[in-house]
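Geometric and topological summary
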Amino acid sequence: MKNEIKFMVADITTLEVDAIVNAANKSLLGGGGVDGAIHAAAGPELLEECKKLGGCETGHSKITKAYDLPAKYVIHTVGPIYTGSSRDAAELYSCYYGSLDLAAENDIHSIAFPGISTGVYGYPKAEAAQIAVKAVVNWLDEHKEYGMQVNIVAYSKEDYKVYEKLVRG
Ligand code: ADP
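Residues numbered from 1 in each chain as written. Predicted model: local features only at pLDDT ≥ 70, side-chain atom pairs only at ≥ 80, totals over all residues. Heavy atoms only, no water.

**Focus on the site of the ligand**
Rule in force here: When at least one non-hydrogen atom of a residue lies within 4 Å of a molecule or strand, that residue is treated as near it. Under the rule applied, a polar contact is a pair of N or O atoms within 3.5 Å (in protein, one hydrogen donor and one hydrogen acceptor; residues adjacent in sequence only if both atoms are side-chain atoms). Residue burial considers only the protein chains on display, and all accessible areas are found by Shrake-Rupley using a 1.4 Å probe. Site definitions follow a grid-based scheme: protein atoms alone, a 1 Å grid, a 1.4 Å probe that fits but cannot get out for cavities, and for pockets an open set with protein on both sides within 12 Å along at least five of seven lines, plus lining residues having an atom within 4 Å of a point. In this scheme, a molecule is assigned to a cavity or pocket if more than half of its atoms are within 2 Å of the grid points. Residues are sorted three ways: Asp, Glu, Lys and Arg are charged, Ala, Val, Leu, Ile, Met, Phe, Trp, Tyr, Cys and Pro are nonpolar, and all the rest, Gly among them, are polar.
Residues in contact with the ligand amount to 15 residues; listed here are only the nearest, Asp-11, Val-34, Ser-117, Thr-118 and Gly-119. Within the backbone of Ile-12, a nitrogen or oxygen atom sits 3.0 Å from a nitrogen atom of the ligand. Residue Gly-119 places a main-chain N or O atom 2.8 Å away from an oxygen atom belonging to the ligand. Isolated, the ligand exposes 560 Å² of accessible area, and the fraction of that covered by the protein chains is 90%. Most atoms of the ligand, that is more than half of them, are within 2 Å of grid points of the largest pocket. A class-by-class count of the residues in the shell around the ligand yields 8 nonpolar, 5 polar and 2 charged.

**Observations regarding the layout of surface pockets**
To keep things clear, this is the line we draw: Grid points are joined across faces, edges and corners, and a volume is the space filled by probe spheres set on the points. Note on conventions: DSSP H or I runs of at least 4 residues are helices, E runs of at least 2 residues are strands, and numbering of each starts at the N terminus.
Estimated volume of the largest pocket: approximately 670 Å³. As for the largest pocket, its lining consists of 30 residues, of which Ala-23, Val-34, Gly-115, Thr-118 and Gly-119 are closest to the centre. Looking at the lining of the largest pocket element by element, the count peaks at 4 residues for helix H1 (residues 33-42). Here the lining of the largest pocket is built from residues that sort into 17 nonpolar, 9 polar and 4 charged.

**Topic: the state of the cysteines**
Using the following cut-off: Disulfide: a pair of cysteine sulfur atoms within 2.5 Å of each other.
Tallied over the entire structure, the rule returns 0 disulfides. Left without a disulfide partner, Cys-50 is nearest to the cysteine sulfur of Cys-56, which lies 10 Å away.

**Overview of the pattern of salt bridges**
Note the threshold: Here, a salt bridge means any Lys or Arg side-chain nitrogen found within 4 Å of an Asp or Glu carboxyl oxygen. Only protein chains enter the area calculation, which uses a 1.4 Å probe; residues under 20% of their type maximum are buried, those over 50% are exposed, and those in between are partly exposed.
Within the structure shown, the criterion is met by 6 salt bridges. The residue Asp-18 makes a salt bridge to Lys-72 at a minimum N-O spacing of 2.7 Å. You can see Asp-18 sitting in the loop between strand E1 (4-9) and strand E2 (19-24) and its partner Lys-72 sitting in the loop between strand E3 (61-65) and strand E4 (73-78), a full 54 residues away along the chain. Take Lys-72: its relative accessible area is 52%, and that puts it in the exposed class. The partner of Lys-51 in a salt bridge is Glu-48, and the shortest N-O contact between them spans 3.2 Å.

**Observations concerning unusual backbone geometry**
Comment: phi is negative for the bulk of residues other than glycine, and the bulk of peptide bonds are trans. Its identity as a non-glycine residue notwithstanding, Leu-28 has a phi of 60°, on the positive side. With a relative accessible area of 2%, Leu-28 lands in the buried category. Not every positive phi belongs to a glycine, and Ser-117 is a case in point at roughly 70°.

**Section: the environment of Thr-13**
Spelled out, the test is: By definition, residues are in contact when any of their heavy atoms lie within 4.5 Å.
Positionally, Thr-13 belongs in the loop between E1 and E2. Assessed through its relative accessible area of 12%, Thr-13 is described here as buried. Sequence-wise, Thr-13 and Val-133 are 120 residues apart; in three dimensions their C-alpha atoms are separated by 21 Å. Thr-13 has contacts with Ile-20, Ala-37, Ile-38, Ala-41, Leu-69 and Pro-70, leaving out every residue within four places of it along the chain. For Thr-13, the side chain forms a polar contact with the side chain of Asp-11, separated by 2.7 Å.

**Topic: the packing of aromatic side chains**
Rule in force here: Ring pairs are drawn from Phe, Tyr and Trp, using the six-membered ring of Trp, whenever the two centres fall within 6.5 Å, and their geometry is named by plane angle: stacked under 30 degrees, edge-to-face over 60, tilted for the rest.
Within this structure, the stated rule accounts for 5 aromatic pairs. An angle of 35° between the planes, with centres 5.6 Å apart, marks the rings of Phe-7 and Tyr-163 as tilted. Of this pair, Phe-7 sits in strand E1 while Tyr-163 sits in helix H5 (residues 157-168), and the two are 156 residues apart along the sequence. Here Phe-7 falls in the partly exposed class, since its relative accessible area comes to 22%.

This is the structure we're talking about:
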């Protein structure tokens, strides 16, 4: 299997990949947006497993099973709440990079990311997209033989265009 990065418009809860990434909050106990959609689709067992994890720091990631979702695992990552400081970018980068590390540790070879922090956490979408792509491309470059299929998921055509513009220039 080759390393690959793909962009798509989709509801991440419908994807049959090894792992979907959740834009969680530090409690890991669910929330709105993509977090709420993932918990609703996975069913109550996901929350039960999350309760045992003891939360998660910003920029870090934890893994659970995916229960009723078509994916096998959910990787919960906590994006920064956008403030405009340089720390935001480093934390967002580590959400993507660290989720890929955790995925590889769990023999995951296909993964889907939502636009972490680009909803209620307020990260400007173009800046966030640039960091997301940079982190994924760097990880793939540094793990050339691994064989990871990365799907970057936009939830709307508008959001998809942000990635398209970034990749096409
Ligand atoms: P955060 O708190 O990290 O900002 P949100 O859930 O508010 O997280 O938003 C993150 C991104 O996920 C937003 O760009 C939003 O449009 C997108 N999103 C929301 N629901 C879904 C879904 N079901 N599938 C894919 N992306 C989604």
